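A look at the structure
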Amino acid sequence: MNEIFINFYFIKIRVFFFVQFILPSRVNKKKMSGEDRISALHDDLLLKILSEIPTKDVVTTMVLSKRWRFVWTKVHKLEYKDTRKEGNSRVWWLIEKSLQLHKATVLESLHIQVEHQFCDDADVGKCVSYAVDHNVRELALIIPPQPMILLLPSNVYTSKTLVKLTLSCRTLFIDVPSLPCLPSLQRLALLNVVYKDENSHVRLLSNCPALRHLEVQRNKSDNVTSFIVKVPSLKSFRYTQHKRASGRSLVLDSPGLRRLTLIDPHGDLDSIQNMPHLDWAHVFLIIPYPKDDKFLRSFSSVKVLRLSLRNVSI
């Protein structure tokens, strides 16, 4: 009980300092009759304050007083982060229960990052679907491999509001429907995920007309041989593959690229072309390349080039 009281005390201290030092111009400077100046603030300001605090702390504010009982249910940003390597089902219980009680009509962001496996009955897809149904703009799912294959709900691939999407899980299965459409998506990170087939990522990327920033990190379980990136709107691309995987290749044809990072010690990057506007590039490679200069000609327009090459004839 004392531990709970201390936690609540520090929550209120954090809120107090946020009001006093971060948002001084928006706080009424007129002296107030009561001692609890924070609780007298308008809901909109309280929600802005709570959006800067981890969700596990936000939820506990419900017991501070009657004034705070339902304020947390209207927060537009939800962040669940647990970096402990070992844990239990409490984190997922918190996620599910807080989403069940959540009342905001629009959810600006949902960020789930944990370092341990969920319980067997954890319904990741249901929570993601809830966020998409509430017009989420930023969605991040960063979790370790789970006992079972995870599937994203179909509405993720047709979201009209998603602007930033981060997916990181070795057992997350990217099964893109035949007609995906993400008209607002500008930032996409596909980190160590698994694809249904060779064309899943192609269908996804080709239906993101506003995509400007793409990050791809591949692992051994990645089942795509030729990773094709043809996105006319793309401005920056980071491609990482640390594990040796024979027979893989990267096909890059995005003429609007301005920043490029390639970290692929063992891959095949011969099919890189059409980058007339490239300003900055970092390339780290080990494998040998043909004696011709086809690969290096791809960077002829670059202004800043950082090369870490071995067994390459220049």
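Each remark here, short or long, concerns the structure printed above.
Cut-offs and rules
Residues numbered from 1 in each chain as written. Predicted model: local features only at pLDDT ≥ 70, side-chain atom pairs only at ≥ 80, totals over all residues. Heavy atoms only, no water. Salt bridge = Lys/Arg side-chain N within 4 Å of Asp/Glu carboxyl O. Helix = DSSP H or I, 4+ residues; strand = E, 2+ residues; numbered from the N terminus. Buried < 20%, exposed > 50% of the residue type's maximum accessible area, 1.4 Å probe, protein only. Contact = heavy atoms within 4.5 Å. Disulfide = S-S within 2.5 Å. Pairing = 2+ DSSP bridges. Axes fitted to C-alpha atoms, helices over the stretch in contact; angles between N-to-C directions.

Once that is clear, we can look at the pattern of salt bridges. Here the structure, examined in full by the defined rule, presents 6 salt bridges. Of the charged contacts in the structure, one is a salt bridge between Glu-79 and Lys-81, with a shortest N-O distance of 3.5 Å. Across the salt bridge formed by Lys-303 and Asp-279, the nearest N and O atoms sit 3.8 Å from each other. On the criterion of sequence distance, the pair formed by Lys-303 in the loop between helix 7 (294-297) and strand 16 (304-308) and Asp-279 in the loop between strand 14 (271-273) and strand 15 (280-284) is long-range, its members being 24 residues apart. The exposed category is assigned to Lys-303, whose relative accessible area is 68%. Where salt bridges share partners, they join Arg-258, Asp-279 and Lys-303 into one cluster.

It is worth spelling out the side chain of Asn-192 at this point. Tracing the backbone through its elements, the reader meets Asn-192 in the loop between strand 7 (187-191) and strand 8 (194-195). The residues touching Asn-192, leaving out its near neighbours within four places in the chain, are Cys-169, Arg-170, Gln-217, Arg-218 and Asn-219.

Further remarks concern the environment of Val-304. Tracing the chain through its elements places Val-304 in strand 16. Val-304 sits in the partly exposed class, given a relative accessible area of 44%. C-alpha of Val-304 to C-alpha of Trp-280: the two residues are 24 residues apart in sequence and 4.7 Å apart in space.

The next point concerns the state of the cysteines. In protein chemistry, a disulfide is the covalent bond that joins the sulfur atoms of two cysteines. Within the structure shown, the criterion is met by 0 disulfides. The cysteine Cys-181 is free of any disulfide, with Cys-208 supplying the nearest cysteine sulfur at 8.5 Å. Overall, Cys-181 belongs to the partly exposed group, its relative accessible area being 38%.

Right, let's get into helix 5 (residues 124-133). Counting buried positions over the 10 residues of helix 5 gives 8, a clear majority of the element. Residues of helix 5 that are buried include every one of Val-124, Gly-125, Cys-127, Val-128, Ser-129, Tyr-130, Ala-131 and Val-132, and no others. Of the residues one or two after helix 5, Asn-135 is the one with positive phi, at around 60 degrees.

So, about the sheet that holds strand 5 (residues 164-168). An order of 1-2-3-5-7-9-11-13-15-16 is seen for the 10 strands of this open sheet, with the pairing classed as parallel. Single-partner strands in this sheet number two, and they are strand 1 (77-82) and strand 16. Sheet twist, expressed as the mean angle between neighbouring strand axes with direction ignored, is 5 degrees. As paired strands, strand 3 (residues 138-142) and strand 5 are joined by 5 bridges and run parallel to one another. Bridge assignment links Glu-138 to a residue of strand 5, and that residue is Lys-164.

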